[in-house]
Amino acid sequence: MRNSRRRSRAAVAVAAAAALTGIATLTACDASGGDDAAPNGPSAQDRAGRKAVPVWDESPRSLAAVGDSITRGFDACSVLSDCPEASWATGSDGEVRSLAQRLLGKQRAATHSWNYAKTGARMADLPGQMEQAAARRPELVTVMAGANDACRSSVAEMTPVAEFRADFEDAMAALRATRPKAQVYVASVPDLKRLWSEGRENLLGKQVWKLGICKSMLQDADATDRAATQRRQSVQERVVAYNTVLKEVCAKDLRCRYDGGAVFGFRFGEDHLSHWDWFHPSKSGQAQLAEMAYRSITSRRP
């Protein structure tokens, strides 16, 4: 099974590489205004030697979202249920003002944005979601995944960094195989240690956490002994490593933009957390995610 998976990755990667090579060639031609040099302009050799410049459209006209429960708006409206209308990426809730609404307007967002995220999804699920998203031919795909790879029953069960990288590369290759020019916005994995720090003072939140939410970080919330401290630090280090992977893989793609660690670095408080589980974003938290994404996507520079 592993060898088959590697062969599949290799085949998709070859297709993606060919597509990206085509993009780079087209970009170089467009930048020069054609193949014929002006009398006093740069030679063809000079143009060929230029570095490829990332291409970014600040106003895409369609959007597909992939990821996990955060993008599904889980627990933003009611207990233990998805609330896609409150999704930071594609939601219709006016209190959130989703990324789709900010970029496309309410009317177009209703017909030109799609949400393929799944509650409980990990990075290994992203290639399949990307294939679904690509079928819609979106101009922009948003990615928010990785929290569930760190939030496991124990530290030992967290997704290894190498597997996380391979799965994200597979996801990008799956998109590029059919949508070589689609733009990709990649959100960093949230700071789970801050989540513990903010929620541990809330008695209700700690009782909910005992049901098994993100046990690798949140179990025994009041424990401050060496073992508990080391366990939380291990999760934190893994999240940082995941974000490094997201940054590095995205940097290799001309039309991918990483958020620069904005989501990880956001200083969220209790108002930004669902009061159903003190883990997922509330509508206020979803609105903050939408705002961060909008600023990143509409900025001239990453």
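In the block above lies the structure referred to throughout.
All of these numbers come straight from a predicted model, not from anything done at the bench.

Trainee: For this particular structure, what's the right way to read the overall build of the chain?
Mentor: A tally of regular secondary structure across the chain gives 14 helices and 5 strands. For the chain, the proportion of its 302 residues judged to be buried stands at 49%. For the chain, long-range pairs separated by at least 24 residues make up 73% of all intrachain contacts whose partners lie at least 6 apart in sequence. Carbon and sulfur atoms form 51% of the exposed surface of the chain, whose accessible area is close to 14700 Å².

Trainee: Could you clarify how one ought to interpret the packing of helix H6 (residues 126-135) against helix H8 (residues 161-176) in this entry?
Mentor: Packed helices, taken two at a time, are described by the angle between their axes plus the distance between the axes. Packing of H6 against H8 leaves a shortest axis separation of 8 Å and a crossing angle of 15°. In terms of orientation, H6 lies roughly parallel with respect to H8. Relative to H8, the crossing made by H6 is right-handed. Residues Leu126, Pro127, Met130, Glu131 and Ala134 of H6 form the contact with H8, whose participating residues are Asp167, Phe168, Asp170, Ala171, Met172, Ala174 and Leu175. Among the residues forming the contact of H6 with H8, the class breakdown is 9 nonpolar, no polar and 3 charged.

Trainee: In this structure, what is going on with the packing of aromatic side chains? I would like to understand it.
Mentor: The relative placement of two aromatic rings is captured by the distance of their centres and the angle of their planes. Considering all chains together, one arrives at 2 aromatic pairs under this definition. Between Trp88 and Tyr185, the ring centres sit 6.2 Å apart and the planes meet at 65°, which makes this aromatic pair edge-to-face. Highlighted residues: Trp88 in the loop between helix H3 (69-72) and helix H4 (99-104) and Tyr185 in strand S4 (residues 183-186), separated in sequence by 97 residues. Aromatic pair Phe164 and Tyr242: ring centres 4.1 Å apart, planes at 10°, arrangement stacked. Taken together, the residues span a long stretch of sequence, with Phe164 in helix H8 and Tyr242 in helix H12 (residues 226-251) at a distance of 78 residues. The burial state of Phe164 is the same as that of Tyr242; both residues are buried. Its guanidinium or amino end placed over the ring of Phe268, Arg194 lies 5.6 Å from that ring's centre, counting from NZ or CZ.

Trainee: Before we go on, may I ask you to explain the state of the cysteines in this structure?
Mentor: Working definition: the covalent bond between the sulfur atoms of two cysteines is a disulfide. One pass over the structure, following the stated rule, counts 3 disulfides. Two residues, Cys151 and Cys214, share a disulfide whose sulfurs are 2.0 Å apart. Handedness of the Cys151-Cys214 disulfide follows from its S-S torsion of about -75°: it is left-handed. With Cys151 in the loop between helix H7 (147-150) and H8 and Cys214 in the loop between helix H10 (203-209) and helix H11 (215-218), this pair connects stretches of sequence that are 63 residues apart. The pair formed by Cys151 and Cys214 is uniform in burial state, with each residue classed as buried.

Trainee: Could you clarify how one ought to interpret the packing of H8 against H12 in this entry?
Mentor: For the pair H8 and H12, interaxial distance at closest approach is 10 Å and the crossing angle is 35°. Pair H8 / H12 crosses with right-handed handedness. Seen from H8, the contacting residues are Val161, Phe164, Arg165, Phe168, Glu169 and Met172; seen from H12, they are Arg238, Ala241, Tyr242, Val245, Leu246, Glu248, Val249 and Cys250. Grouping the constituent residues of the contact of H8 with H12 by class yields 10 nonpolar, no polar and 4 charged.

Conventions and cut-offs
- Residue indices follow the written sequence of each chain, beginning from 1 at its first position.
- Only residues with pLDDT of at least 70 get local features here, since the model is predicted, and only at 80 or more are side-chain atom pairs given and counted; chain-wide, interface and lining totals rely on the full set of residues.
- Hydrogens and water molecules were not included; the side-chain quantities draw on all heavy atoms of the structure.
- Secondary structure elements are taken from DSSP: a helix is a run of H or I of four residues or more, a strand is a run of E of two residues or more, and numbering for both begins at the N terminus.
- Relative accessibility thresholds used throughout: buried, under 20% of the residue-type maximum; exposed, over 50%; partly exposed, between the two (1.4 Å probe, protein chains only).
- Contact definition: two residues touch when any of their heavy atoms are within 4.5 Å.
- To measure how exposed things are, a 1.4 Å probe is used in the Shrake-Rupley method; for residues, cover is taken only from the protein chains shown.
- Interaxial angle, 0 to 180 degrees, is taken between N-to-C directions of lines fitted to C-alpha atoms, where a helix line uses only the stretch in contact.
- In what follows, roughly perpendicular refers to angles from 65 to 115 degrees, roughly parallel to angles under 35, roughly antiparallel to angles over 145, and oblique to any angle outside these ranges.
- By convention, the crossing between two helices is left-handed when the near helix turns anticlockwise from the far helix through less than a right angle, and right-handed when the turn is clockwise.
- For this scheme, ten residues count as nonpolar: Ala, Val, Leu, Ile, Met, Phe, Trp, Tyr, Cys and Pro. Four count as charged, namely Asp, Glu, Lys and Arg, and the remainder, Gly too, count as polar.
- Whether two aromatic rings pair depends on their centres lying within 6.5 Å, for rings of Phe, Tyr and Trp, where Trp uses its six-membered ring; planes under 30 degrees apart make the pair stacked, over 60 edge-to-face, and the rest tilted.
- Charge over a ring is defined by NZ of Lys or CZ of Arg lying within 6 Å of the ring centre and within 35 degrees of the ring normal.
- Put simply, a disulfide is two cysteine sulfurs that come within 2.5 Å.

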